[in-house]
Amino acid sequence: MRLPITAWTSITHRASGVFIFVGMAVLIWALDASLKSPESFAALQTSLDSALCKFVIWAVVSGLIYHSVAGVKHLVMDMGIGETMEGGVLGSRIVIASSVVFILLAGIWIW
Amino acid sequence: MVTAVTSMGRSGLYDWLMQRISAVVLLAYFVFVGLVLLGGVDYASWKSLYSQTWMRIFSLMALLSLGVHAWVGIWGVLTDYLTERLMGKTGNVLRFVFQMACGLTMFTYLVWGIQILWGY
Ligand code: HEM
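Notes on the structure in this doc start here. All of these numbers come straight from a predicted model, not from anything done at the bench.

### Brief notes about the overall build of chain B
Along chain B, the regular secondary structure elements total 5 helices and 0 strands. Expected size for 120 residues packed as a compact globule is a radius of gyration near 14 Å; at 18 Å, chain B overshoots this value by more than 25%. Dimensions of chain B, computed from C-alpha atoms along their principal axes, come out at roughly 55 × 25 × 20 Å. Going through the 120 residues of chain B one by one, you find that 20% of them count as buried. Long-range contacts, defined as pairs at least 24 residues apart, comprise 67% of the intrachain contacts of chain B with a sequence gap of at least 6.

Have a look at this one:
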(Lines give C-alpha, C1' and ligand atoms only; values in the text may rest on other atoms or scores of the structure.)
Protein backbone atom coordinates (compact mmCIF):
# COMPACT_ATOMS: atom_id res chain seq x y z
CA MET A 1 0.00 0.00 0.00
CA ARG A 2 1.24 3.47 -0.81
CA LEU A 3 0.18 5.74 2.00
CA PRO A 4 1.64 9.04 3.19
CA ILE A 5 4.21 8.65 5.97
CA THR A 6 1.80 10.30 8.41
CA ALA A 7 -0.77 7.56 7.75
CA TRP A 8 1.81 4.89 8.51
CA THR A 9 2.84 6.42 11.81
CA SER A 10 -0.82 6.81 12.73
CA ILE A 11 -1.90 3.25 11.95
CA THR A 12 1.22 1.90 13.66
CA HIS A 13 0.37 3.94 16.74
CA ARG A 14 -3.04 2.29 16.77
CA ALA A 15 -1.72 -1.23 16.16
CA SER A 16 0.95 -0.79 18.83
CA GLY A 17 -1.69 0.42 21.28
CA VAL A 18 -3.77 -2.72 20.85
CA PHE A 19 -0.65 -4.87 20.92
CA ILE A 20 0.71 -3.46 24.18
CA PHE A 21 -2.69 -3.72 25.82
CA VAL A 22 -2.29 -7.48 25.43
CA GLY A 23 1.45 -7.21 26.10
CA MET A 24 0.81 -5.65 29.52
CA ALA A 25 -0.07 -9.17 30.70
CA VAL A 26 3.56 -10.14 30.10
CA LEU A 27 4.92 -7.14 31.97
CA ILE A 28 2.55 -7.62 34.90
CA TRP A 29 3.51 -11.29 34.99
CA ALA A 30 7.17 -10.28 35.13
CA LEU A 31 6.44 -7.76 37.88
CA ASP A 32 4.61 -10.46 39.78
CA ALA A 33 7.53 -12.88 39.53
CA SER A 34 10.06 -10.18 40.38
CA LEU A 35 8.37 -9.26 43.65
CA LYS A 36 6.92 -12.52 44.92
CA SER A 37 10.06 -13.99 46.49
CA PRO A 38 13.84 -14.06 46.04
CA GLU A 39 13.41 -17.49 44.40
CA SER A 40 10.88 -16.29 41.83
CA PHE A 41 13.10 -13.25 41.16
CA ALA A 42 16.00 -15.59 40.41
CA ALA A 43 13.75 -17.84 38.33
CA LEU A 44 12.65 -14.80 36.33
CA GLN A 45 16.28 -13.90 35.69
CA THR A 46 16.92 -17.44 34.48
CA SER A 47 13.94 -17.48 32.15
CA LEU A 48 15.02 -14.08 30.83
CA ASP A 49 18.17 -15.82 29.59
CA SER A 50 16.18 -17.72 27.00
CA ALA A 51 16.06 -16.21 23.54
CA LEU A 52 12.29 -16.61 23.28
CA CYS A 53 11.67 -14.78 26.54
CA LYS A 54 14.03 -12.00 25.55
CA PHE A 55 12.28 -11.68 22.24
CA VAL A 56 8.81 -11.44 23.80
CA ILE A 57 9.94 -8.79 26.29
CA TRP A 58 11.72 -6.90 23.52
CA ALA A 59 8.59 -7.01 21.33
CA VAL A 60 6.40 -5.60 24.09
CA VAL A 61 8.98 -2.97 25.04
CA SER A 62 9.34 -2.00 21.38
CA GLY A 63 5.59 -1.60 21.03
CA LEU A 64 5.59 0.51 24.16
CA ILE A 65 8.46 2.66 22.91
CA TYR A 66 6.86 3.30 19.54
CA HIS A 67 3.45 3.99 21.07
CA SER A 68 4.97 6.37 23.60
CA VAL A 69 7.07 8.31 21.11
CA ALA A 70 4.13 8.63 18.70
CA GLY A 71 1.94 9.45 21.71
CA VAL A 72 4.20 12.31 22.67
CA LYS A 73 3.89 13.59 19.11
CA HIS A 74 0.12 13.56 19.60
CA LEU A 75 0.45 15.57 22.79
CA VAL A 76 2.79 18.06 21.14
CA MET A 77 0.42 18.49 18.22
CA ASP A 78 -2.52 18.86 20.60
CA MET A 79 -0.69 21.86 22.01
CA GLY A 80 -0.84 23.31 18.53
CA ILE A 81 2.76 22.65 17.53
CA GLY A 82 3.47 21.30 14.07
CA GLU A 83 -0.15 21.09 12.97
CA THR A 84 0.67 21.71 9.33
CA MET A 85 1.26 19.25 6.52
CA GLU A 86 5.02 19.84 6.66
CA GLY A 87 4.94 19.70 10.44
CA GLY A 88 3.09 16.39 10.31
CA VAL A 89 5.56 14.85 7.90
CA LEU A 90 8.54 16.11 9.88
CA GLY A 91 6.93 14.90 13.11
CA SER A 92 6.41 11.46 11.60
CA ARG A 93 10.03 11.32 10.49
CA ILE A 94 11.18 12.28 13.97
CA VAL A 95 8.88 9.64 15.48
CA ILE A 96 10.20 6.88 13.21
CA ALA A 97 13.84 7.84 13.60
CA SER A 98 13.79 8.17 17.37
CA SER A 99 11.71 5.01 17.81
CA VAL A 100 14.19 3.01 15.74
CA VAL A 101 17.04 4.31 17.87
CA PHE A 102 15.27 3.58 21.16
CA ILE A 103 14.09 0.15 20.01
CA LEU A 104 17.61 -0.81 18.93
CA LEU A 105 19.00 0.42 22.23
CA ALA A 106 16.37 -1.60 24.09
CA GLY A 107 17.39 -4.65 22.06
CA ILE A 108 21.05 -4.17 22.90
CA TRP A 109 20.17 -3.73 26.55
CA ILE A 110 17.99 -6.84 26.71
CA TRP A 111 20.55 -9.05 24.96
CA MET B 1 -24.51 15.79 20.70
CA VAL B 2 -24.13 12.07 20.45
CA THR B 3 -23.53 10.28 23.71
CA ALA B 4 -22.48 6.70 23.35
CA VAL B 5 -23.27 4.41 26.25
CA THR B 6 -19.97 2.55 26.13
CA SER B 7 -17.66 5.57 25.99
CA MET B 8 -15.80 6.39 29.17
CA GLY B 9 -17.36 9.63 30.32
CA ARG B 10 -20.23 9.67 27.84
CA SER B 11 -18.61 12.65 26.21
CA GLY B 12 -15.90 12.86 23.58
CA LEU B 13 -14.12 15.83 25.14
CA TYR B 14 -14.00 14.17 28.55
CA ASP B 15 -12.65 10.96 27.01
CA TRP B 16 -10.11 12.91 25.01
CA LEU B 17 -8.84 14.65 28.12
CA MET B 18 -8.72 11.44 30.17
CA GLN B 19 -6.78 9.83 27.33
CA ARG B 20 -4.16 12.60 27.55
CA ILE B 21 -3.92 12.61 31.36
CA SER B 22 -3.60 8.84 31.56
CA ALA B 23 -1.00 8.90 28.77
CA VAL B 24 1.17 11.31 30.74
CA VAL B 25 0.90 9.22 33.92
CA LEU B 26 1.79 6.03 32.02
CA LEU B 27 4.69 7.73 30.28
CA ALA B 28 6.07 9.02 33.58
CA TYR B 29 5.74 5.59 35.14
CA PHE B 30 7.41 3.66 32.33
CA VAL B 31 10.25 6.15 32.02
CA PHE B 32 10.82 6.00 35.76
CA VAL B 33 10.74 2.20 35.99
CA GLY B 34 12.87 1.95 32.85
CA LEU B 35 15.53 4.19 34.39
CA VAL B 36 15.50 2.21 37.63
CA LEU B 37 15.97 -1.02 35.67
CA LEU B 38 18.75 0.55 33.60
CA GLY B 39 20.51 1.43 36.81
CA GLY B 40 20.47 -2.26 37.69
CA VAL B 41 18.49 -3.92 40.48
CA ASP B 42 18.75 -6.93 42.73
CA TYR B 43 15.89 -8.49 44.63
CA ALA B 44 16.47 -6.49 47.82
CA SER B 45 16.62 -3.06 46.19
CA TRP B 46 13.72 -3.82 43.84
CA LYS B 47 11.59 -5.14 46.67
CA SER B 48 12.33 -2.18 48.92
CA LEU B 49 11.44 0.25 46.13
CA TYR B 50 8.06 -1.46 45.74
CA SER B 51 7.41 -1.45 49.46
CA GLN B 52 7.56 2.36 49.60
CA THR B 53 4.13 3.89 49.93
CA TRP B 54 4.80 6.48 47.23
CA MET B 55 5.88 3.78 44.78
CA ARG B 56 2.69 1.83 45.47
CA ILE B 57 0.62 4.96 44.93
CA PHE B 58 2.51 5.70 41.72
CA SER B 59 2.03 2.09 40.54
CA LEU B 60 -1.67 2.08 41.36
CA MET B 61 -2.05 5.38 39.53
CA ALA B 62 -0.38 3.79 36.51
CA LEU B 63 -2.69 0.77 36.70
CA LEU B 64 -5.80 2.93 36.91
CA SER B 65 -4.50 5.06 34.06
CA LEU B 66 -3.92 1.91 32.03
CA GLY B 67 -7.57 1.00 32.60
CA VAL B 68 -8.90 4.40 31.54
CA HIS B 69 -6.45 4.73 28.66
CA ALA B 70 -7.15 1.28 27.27
CA TRP B 71 -10.92 1.63 27.66
CA VAL B 72 -10.95 4.89 25.70
CA GLY B 73 -8.30 3.65 23.26
CA ILE B 74 -9.96 0.34 22.47
CA TRP B 75 -13.34 2.08 22.29
CA GLY B 76 -11.95 4.33 19.59
CA VAL B 77 -10.63 1.39 17.64
CA LEU B 78 -13.79 -0.71 17.97
CA THR B 79 -16.14 2.11 17.00
CA ASP B 80 -14.08 2.57 13.84
CA TYR B 81 -14.02 -1.02 12.61
CA LEU B 82 -16.78 -3.05 14.22
CA THR B 83 -19.75 -0.95 13.21
CA GLU B 84 -23.28 -1.31 12.00
CA ARG B 85 -22.31 0.49 8.81
CA LEU B 86 -19.58 -2.02 8.01
CA MET B 87 -21.20 -5.26 9.10
CA GLY B 88 -24.80 -4.64 10.04
CA LYS B 89 -26.22 -5.63 13.39
CA THR B 90 -23.42 -8.12 13.99
CA GLY B 91 -21.13 -5.12 14.25
CA ASN B 92 -22.97 -3.82 17.32
CA VAL B 93 -22.93 -7.19 18.99
CA LEU B 94 -19.26 -7.83 18.22
CA ARG B 95 -18.28 -4.36 19.35
CA PHE B 96 -20.05 -4.81 22.64
CA VAL B 97 -18.53 -8.22 23.19
CA PHE B 98 -15.02 -6.92 22.50
CA GLN B 99 -15.50 -3.89 24.71
CA MET B 100 -16.61 -6.17 27.54
CA ALA B 101 -13.64 -8.47 26.95
CA CYS B 102 -11.36 -5.45 27.12
CA GLY B 103 -13.06 -4.31 30.32
CA LEU B 104 -12.67 -7.72 31.87
CA THR B 105 -8.99 -7.82 30.94
CA MET B 106 -8.42 -4.37 32.44
CA PHE B 107 -10.20 -5.33 35.61
CA THR B 108 -8.05 -8.45 35.83
CA TYR B 109 -4.89 -6.37 35.37
CA LEU B 110 -6.05 -4.02 38.09
CA VAL B 111 -6.86 -6.66 40.69
CA TRP B 112 -3.74 -8.65 39.80
CA GLY B 113 -1.66 -5.50 40.13
CA ILE B 114 -3.15 -4.63 43.52
CA GLN B 115 -2.38 -8.13 44.68
CA ILE B 116 1.23 -7.79 43.53
CA LEU B 117 1.62 -4.39 45.16
CA TRP B 118 0.09 -5.22 48.52
CA GLY B 119 0.14 -8.99 48.63
CA TYR B 120 3.82 -9.90 48.92
C1 HEM C 1 0.61 1.25 28.83
C2 HEM C 1 0.02 0.86 27.90
C3 HEM C 1 -0.73 1.61 26.84
C4 HEM C 1 -1.75 1.04 26.14
C5 HEM C 1 -2.31 -0.37 26.32
C6 HEM C 1 -2.21 2.04 25.19
C7 HEM C 1 -3.24 1.82 24.29
C8 HEM C 1 -3.76 2.76 23.44
C9 HEM C 1 -4.78 2.52 22.46
C10 HEM C 1 -5.45 1.19 22.16
C11 HEM C 1 -5.03 3.72 21.84
C12 HEM C 1 -6.04 3.97 20.72
C13 HEM C 1 -5.31 4.14 19.41
C14 HEM C 1 -6.13 4.71 18.32
O15 HEM C 1 -7.33 5.03 18.51
O16 HEM C 1 -5.60 4.85 17.22
C17 HEM C 1 -4.17 4.71 22.44
C18 HEM C 1 -4.16 6.04 22.11
C19 HEM C 1 -3.24 6.96 22.60
N20 HEM C 1 -2.13 6.69 23.38
FE21 HEM C 1 -1.82 4.95 24.35
N22 HEM C 1 -1.47 3.19 25.32
C23 HEM C 1 -0.54 2.98 26.32
C24 HEM C 1 0.43 3.87 26.74
C25 HEM C 1 0.60 5.17 26.26
C26 HEM C 1 1.68 6.04 26.62
C27 HEM C 1 2.83 5.71 27.58
C28 HEM C 1 1.50 7.20 25.94
C29 HEM C 1 2.45 8.37 26.05
C30 HEM C 1 2.41 9.48 25.56
C31 HEM C 1 0.27 7.06 25.14
C32 HEM C 1 -0.31 8.04 24.33
C33 HEM C 1 -1.46 7.89 23.61
C34 HEM C 1 -2.19 8.97 22.96
C35 HEM C 1 -1.78 10.45 22.95
C36 HEM C 1 -3.30 8.39 22.33
C37 HEM C 1 -4.41 9.12 21.55
C38 HEM C 1 -4.24 9.05 20.11
C39 HEM C 1 -5.39 9.65 19.38
O40 HEM C 1 -6.07 10.55 19.91
O41 HEM C 1 -5.61 9.22 18.24
N42 HEM C 1 -0.24 5.80 25.35
N43 HEM C 1 -3.39 4.10 23.40
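### Examining the nonpolar core
In terms of nonpolar packing, the biggest core is built from 24 residues, with Leu66(B), Ala70(B), Trp71(B) and Ile74(B) touching the most fellow members. Mapped by element, the contributors of at least two residues to this core are helix 1 (5–36) and helix 3 (51–78) of chain A together with helix 1 (12–39), helix 3 (53–81) and helix 5 (89–119) of chain B. Once you skip the residues sitting within four places of it in the chain, Ala70(B) turns out to touch Phe21(A), Cys102(B) and Met106(B).

### What about the interface of chain B and chain A?
In this assembly, 18 residues from chain B lie in contact with 18 residues from chain A. Of all the elements in the fold, those that place two or more residues in the side of chain B that touches chain A are helix 1, helix 2 (43–51), helix 3 and helix 5 of chain B. Here the element with the most residues in the side of chain B that touches chain A is helix 3 of chain B; it accounts for 5 residues. Residues of the side of chain B that touches chain A, tallied by class, amount to 14 nonpolar, 2 polar and 2 charged.

### Side note on helix 1 of chain A
Along an α-helix, a turn takes 3.6 residues, which lines up residues three or four apart on a common side. Between its first and last C-alpha atoms helix 1 of chain A spans 44 Å; for 32 residues at 1.5 Å apiece the expected length is 46 Å, and the two agree. Where helix 1 of chain A bends most, the angle comes to about 35 degrees, and this point is Val22(A). For helix 1 of chain A, every residue scored as buried is listed here: Thr9(A), Ser16(A), Gly17(A), Ile20(A), Phe21(A), Gly23(A), Met24(A), Leu31(A), Ser34(A) and Leu35(A). Those residues of helix 1 of chain A that are buried lie in contact with helix 2 (38–47), helix 3 and helix 4 (85–110) of chain A together with helix 2, helix 3 and helix 5 of chain B.

### Observations concerning helix 4 of chain A
Residues and elements named next belong to chain A. Between the first and last C-alpha of helix 4 there are 37 Å, a value that for 26 residues agrees with the 38 Å anticipated at 1.5 Å per step. Regarding helix 4, the residues found buried are Gly91, Ser92, Val95 and Ser99. Against the buried residues of helix 4 lie helix 1 and helix 3.

### Description of the packing of helix 3 of chain A against helix 4 of chain A
Residue and element names in this part refer to chain A. Running from amino to carboxyl end, helix 3 crosses helix 4 at an angle of 155 degrees, the nearest separation of the two axes being 9 Å. By the angle class used here, helix 3 and helix 4 are roughly antiparallel. Judged by the twist between their axes, the crossing of helix 3 over helix 4 is right-handed. Counted together, Lys54, Ile57, Trp58, Val61, Ser62, Ile65, Tyr66, Val69, Ala70, Lys73 and Met77 of helix 3 and Gly91, Val95, Ser98, Ser99, Phe102, Ile103, Ala106, Gly107 and Ile110 of helix 4 form the full contact between these two elements. Of the residues belonging to the contact of helix 3 with helix 4, the class tally is 13 nonpolar, 5 polar and 2 charged.

### Things to note about the packing of helix 1 of chain B against helix 3 of chain B
Residues and elements named next belong to chain B. In the contact formed by helix 1 and helix 3, the axes pass within 8 Å of each other and the chain directions differ by 140 degrees. Between helix 1 and helix 3, the crossing angle belongs to the class labelled oblique. Relative to helix 3, helix 1 is oriented so that their crossing is left-handed. Between helix 1 and helix 3, the residues in contact are Asp15, Met18, Gln19, Ser22, Ala23, Val25, Leu26 and Tyr29 and Phe58, Met61, Ala62, Ser65, Leu66, Val68, His69, Val72 and Gly73, respectively. A breakdown of the residues in the contact of helix 1 with helix 3 according to their chemical character gives 11 nonpolar, 5 polar and 1 charged.

### Examining the environment of Phe32(B)
Counting through the fold element by element, Phe32(B) comes out in helix 1. In sequence terms Phe32(B) and Arg56(B) are 24 residues apart; their C-alpha atoms lie 13 Å from each other.

### Quick look at the environment of Leu44(A)
Residues and elements named next belong to chain A. Looking at the element boundaries, Leu44 is found in helix 2. On the basis of neighbour counts, which here come to 19 C-beta atoms within 10 Å, the residue Leu44 falls in the partly exposed class. Sequence separation between Leu44 and Gly80 is 36 residues, and the spatial gap between their C-alpha atoms is 44 Å. Once residues lying within four places of it in the same chain are set aside, the contact partners of Leu44 are Ala30, Ala33 and Ser34.

Thresholds, definitions, all that
Residues numbered from 1 in each chain as written. Chains lettered and ligands numbered in written order. Predicted model: local features only at pLDDT ≥ 70, side-chain atom pairs only at ≥ 80, totals over all residues. Helix = DSSP H or I, 4+ residues; strand = E, 2+ residues; numbered from the N terminus. Rg over C-alpha atoms; globule rule 2.2 N^0.38 Å. Buried ≥ 20, exposed ≤ 12 C-beta atoms within 10 Å, placed from the backbone. Contact = placed C-beta atoms within 7 Å. Core = buried A, V, L, I, M, F, W, Y, C linked by C-beta atoms within 7 Å. Nonpolar A, V, L, I, M, F, W, Y, C, P; charged D, E, K, R; others polar. Expected span 1.5 Å × (residues − 1). Bend = angle between axes of the 7 residues up to and from the residue. Axes fitted to C-alpha atoms, helices over the stretch in contact; angles between N-to-C directions. Parallel < 35°, antiparallel > 145°, perpendicular 65-115°, else oblique. Left-handed = near helix turned anticlockwise from the far one by under 90°.

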